[in-house]
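Chain by chain, the residues:
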Amino acid sequence: MLALGLVLAAPATAGTGDLSAYLKARAADAAGETSLAAASYAKVLAAAPDDPVVAIRAYREALEAGDMPLATRAVAVLNKAGVAPADAELIPLADAARRNDAKAASAAIGTLSSGPLVVLAPSLYAWVAHAEGRDPEPSLATAAKDPVANRFATETRALIVAAPRKQPMSIGVSRLLARLASDLSAGEPSPLSIALTQAALRADPSYEAARVLLADALARNKLVDRALVVLDGIDAKSPSAPAAAAERIDILATADRNGEALAAAKNRVDQKGSEPADWQRYADLLLTTGNPAEAATWYQRIIAADGAKGGSWGNWLQYGGALDQAGRWPEARDALEKAVARGPAQPLALNYLGFAQVEHGDDIPASIKLLERASRIDPTNASITDSLGWAYHLSGNTTRALPLLETAAQAEPTNAEIADHLGDAYWSTGRNYEARYAWRAALLTAEPGDTARITAKIANGLPANARR
């Protein structure tokens, strides 16, 4: 069926001799093999130089693979056909900026101004003016009516003030395009992020911070191996090397390549000059991959590095949480109490200490007070609502607990722990059918280590006087 789908999607102008290359390109594209796909599209485009269907695929694949000559060829075809996407003019703009060609840059900006990237136009024109030794302010002033354009203009104004007179426009254009790409990194993955970062690098190949952004954009578009190759191109002595190392770890962890992520994080913390941010990243990975005891040693190191300040409430919360997961409850309780002492109005700290004490059977009345305080501060937090309801249930006040547990379950219907608690509370009041319904809901998203316990409750209910 794959081959049939690809044949049906083939461009009408592709001849018999080109079909094999086209099919290879589509298959490589689907497999995330960007270099092979770009090379295959280049062959098809050479044989069908006026085909916009081939050109748009070649353009996107070229940007992902970093094949800028192919991207340039594809843009020319798309412009000729009048179907170029809004970001296609970024490459001609970047080329003009690198040559410091004000006339060509202005022409590219004019084309961009007719599409969604118009918000960049005032700042881009300002960099052209600065490169020519003209006053950039008239261009920047045109951004006043649009809040997004004005934000970029304000930042550009500050950069121009600090820049040398007649600074090459390549630097300003590169920074501006990377700035927008950075903004987009907080949203949904899109080809625009890749186009912006490639154009930023085209304008200024030495701007390695843009390489980090490009790697992030590629990874968020599921091109993990290509992203790692981009990071490989950043020199270990570059000022961007720490950011590149952090990005590599995050990319690997997000891709569930935990072994590689841990190795990269360990390599980073072993480097001379590693910092608390590196230790934090390594500790977080250790915790999420099932090594809380080792994670605790790194969280402790972060606290120690804080010197006389003694660590923030968040540091102590993470340290205490890791100790708790490692089965070292007395030490964990001390750490969590320090977290609450440093953050008495922090609902996360209050909730963790209160719930952990309940789970360990420590001073439930005091735990309830902690959880009630957390709930007053953050009444819509389902986890806190569940913790308070669970504490009431274990203290024998299931009548008061049930409305809270039901509210938490409605707010987070896929939370296995909340559904499990609700099932226990229902069973204790004789509502056995509802209890089994809640436990079945819990079973759908339960961790592997909890499935046998929940399955047994569904089959047999709770034994008399059982806590769980």
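Note that the structure is a prediction, hence the values are computed from the model and not measured.

S.K.: Whenever I open this one, the overall build of the chain confuses me. Can you help?
M.R.: The number of helices and strands found in the chain is 27 helices and zero strands. In terms of C-alpha radius of gyration, the chain reaches 29 Å, well past the compact-globule figure of 23 Å for 468 residues. Its C-alpha atoms give the chain principal-axis dimensions of roughly 80 × 60 × 45 Å. A total of 468 residues make up the chain; the buried ones form 47% of that total. Sequence-distant contacts in the chain: of pairs separated by 6 or more residues, those separated by 24 or more amount to 49%. Here the chain has roughly 21900 Å² of accessible surface; of this, 55% comes from carbon and sulfur atoms.

S.K.: Explain the nonpolar core to me, please; I cannot follow it from the model alone.
M.R.: The nonpolar side chains of a soluble globular protein tend to be buried with one another. Ranked by size, the top nonpolar core spans 116 residues in total, and within it Tyr 59 and Leu 120 carry the most contacts. Formed by 31 residues, the second largest nonpolar core is a distinct cluster that contains Tyr 426, Trp 439, Ala 446 and Leu 462.

S.K.: Even after reading the chapter, I still don't get the environment of Gly 311, so can you show me in this structure?
M.R.: As for its placement among the helices and strands, Gly 311 is situated in the loop between α18 (292-305) and α19 (313-325). In this structure Gly 311 comes out as buried when scored by relative accessible area, which is 7%. Along the chain, Gly 311 and Arg 301 lie 10 residues apart, while their C-alpha atoms are 10.0 Å from each other. Not counting residues within four places of it along the chain, the set of residues in contact with Gly 311 comprises Ile 303, Asp 306, Trp 316 and Arg 342.

S.K.: Help me understand the packing of α19 against helix α20 (residues 329-342) in this model?
M.R.: Packed helix pairs are specified by the crossing angle of their axes together with the interaxial distance, meaning the distance between the axes. At their nearest, the axes of α19 and α20 sit 8 Å apart, and the two run at 160 degrees to each other. It follows that α19 is roughly antiparallel to α20 by the angle criterion. Crossing of α19 over α20 shows left-handed handedness. Taking contact as the criterion, the partners of Trp 313, Trp 316, Leu 317, Tyr 319, Gly 320, Gly 321, Leu 323 and Asp 324 in α19 are, on α20, Trp 329, Glu 331, Ala 332, Ala 335, Leu 336, Lys 338, Ala 339 and Arg 342. Here the contact of α19 with α20 is composed, by residue class, of 10 nonpolar, two polar and four charged.

S.K.: What is the right way to look at helix α5 (residues 68-81) in this model?
M.R.: The α-helix advances 3.6 residues per turn, and as a result positions three or four apart in sequence lie on the same side. The end-to-end C-alpha separation of α5 is 20 Å, in line with the 20 Å expected for 14 residues at 1.5 Å each. When α5 is considered as a whole, its buried residues turn out to be Met 68, Leu 70, Ala 71, Ala 74, Val 75, Val 77 and Leu 78. Elements that come into contact with the buried residues of α5 comprise α3 (34-47), α4 (52-65), α6 (90-99) and α12 (191-203). The distance from a side-chain oxygen at the start of α5 to the backbone nitrogen of Leu 70 is 3.1 Å, and the residue carrying that oxygen is Asp 67. A positive phi of about 70 degrees marks Gly 82, the residue just after α5.

S.K.: What am I meant to see in the pattern of salt bridges here?
M.R.: Applying the stated criterion across every chain, the model contains 27 salt bridges. For Arg 179, the salt bridge is made with Asp 183, and the minimal N-O distance between the two is 2.3 Å. Note that Arg 179 and Asp 183 are positioned in helix α11 (residues 169-184) at a spacing of four residues, about one turn of the helix. The salt bridge involving Lys 457 is made with Asp 424; its shortest N-O contact spans 2.7 Å. On the criterion of sequence distance, the pair formed by Lys 457 in helix α27 (residues 448-460) and Asp 424 in helix α25 (residues 416-428) is long-range, its members being 33 residues apart. Across this residue pair, the class does not change: Lys 457 and Asp 424 are buried.

S.K.: Help me understand the side chain of Asp 216, please; the structure alone is not making it clear to me.
M.R.: Considering the arrangement of structural elements, one finds Asp 216 in helix α13 (residues 208-220). Excluding residues that lie within four positions of it along the chain, Asp 216 makes contacts with Ser 185 and Glu 247.

S.K.: Looking at this structure, I do not really get the layout of surface pockets. What am I missing?
M.R.: Taking a probe equal in size to a water molecule and rolling it over the atoms shows the remaining empty space. Looking at the largest pocket, its volume works out to about 320 Å³. Taken together, 16 residues form the lining of the largest pocket, with Ala 236, Ala 241, Ala 245, Asn 267 and Arg 268 sitting closest to its centre. For the lining of the largest pocket, the elements supplying multiple residues, two or more each, are α15 (241-254) and α16 (258-269). Counting residues per element, the lining of the largest pocket draws most heavily on α15, which supplies six residues. Partitioning the lining of the largest pocket into residue classes produces nine nonpolar, three polar and four charged.

S.K.: Would you mind showing me how to read helix α23 (residues 382-394) here?
M.R.: Helix length check: α23 (13 residues) gives 18 Å between terminal C-alpha atoms against 18 Å at 1.5 Å per residue, within 8%. With 12 of 13 residues buried, α23 lies mostly within the body of the structure. Among all positions in α23, only Ala 382, Ile 384, Thr 385, Asp 386, Ser 387, Leu 388, Gly 389, Trp 390, Ala 391, Tyr 392, His 393 and Leu 394 are buried. Residues of α23 that are buried make contact with α21 (347-359), α22 (364-377), α24 (398-411) and α25. The N-cap residue of α23 is Asn 381: its side-chain oxygen and the backbone nitrogen of Ser 383 are 3.0 Å apart. Within two residues after α23, Gly 396 carries a phi angle of roughly 100 degrees, on the positive side.

Calculation notes
- Numbers given to residues run from 1 along each chain, matching the order in which its sequence is written.
- Side-chain atom pairs in this predicted model are given and counted only at pLDDT of 80 or more, local residue features only at pLDDT of at least 70, and totals for whole chains, interfaces and linings cover all residues.
- For side-chain calculations, the full set of non-hydrogen atoms in the structure is used, while hydrogens and water are omitted.
- Only runs of H or I of at least four residues qualify as helices and only runs of E of at least two qualify as strands under DSSP, and these elements are numbered from the N terminus.
- The reference for a compact globule is 2.2 Å times residues^0.38; the radius of gyration itself is calculated from the C-alpha atoms.
- Partly exposed describes any residue whose relative accessible area lies between the buried limit of under 20% and the exposed limit of over 50%, with all areas from a 1.4 Å probe on protein chains only and scaled to the type maximum.
- Note on contacts: a residue pair is in contact if any heavy atoms of the two residues lie within 4.5 Å.
- Here the Shrake-Rupley method, with its probe set to 1.4 Å, supplies the accessible areas, and only the displayed protein chains count as covering residues.
- Residues enter a nonpolar core if they are buried and are Ala, Val, Leu, Ile, Met, Phe, Trp, Tyr or Cys, with the set joined through side-chain atoms within 4.5 Å.
- To obtain an axis, a line is fitted to C-alpha atoms, over the contacting stretch when the element is a helix, and the angle between two such axes runs from 0 to 180 degrees between their N-to-C directions.
- Any angle that is under 35 degrees is reported as roughly parallel, and any over 145 degrees as roughly antiparallel; angles of 65 to 115 degrees are reported as roughly perpendicular and all others as oblique.
- In this scheme, a crossing is called left-handed if the near helix is turned counterclockwise away from the far one by less than a right angle; it is called right-handed if the turn is clockwise.
- Amino acid classes used here: Ala, Val, Leu, Ile, Met, Phe, Trp, Tyr, Cys and Pro are nonpolar; Asp, Glu, Lys and Arg are charged; the rest, including Gly, are polar.
- The span you would expect from a helix comes to 1.5 Å times its residue count less one.
- Pairs of N or O atoms within 3.5 Å make up the polar contacts considered here, provided that, within protein, one atom can donate a hydrogen while the other can accept it, and that residues adjacent in sequence are counted only when both atoms are side-chain atoms.
- The term salt bridge refers to a pairing of a side-chain nitrogen on Lys or Arg with a carboxyl oxygen on Asp or Glu at a separation within 4 Å.
- The definitions used throughout rest on a 1 Å grid laid over the protein atoms alone, on which a cavity is an enclosed set of points accommodating a 1.4 Å probe that cannot get out and a pocket is an open set flanked by protein within 12 Å on both sides along at least five of seven lines; lining residues are those having an atom within 4 Å of a point.
- Grid points are joined across faces, edges and corners, and a volume is the space filled by probe spheres set on the points.

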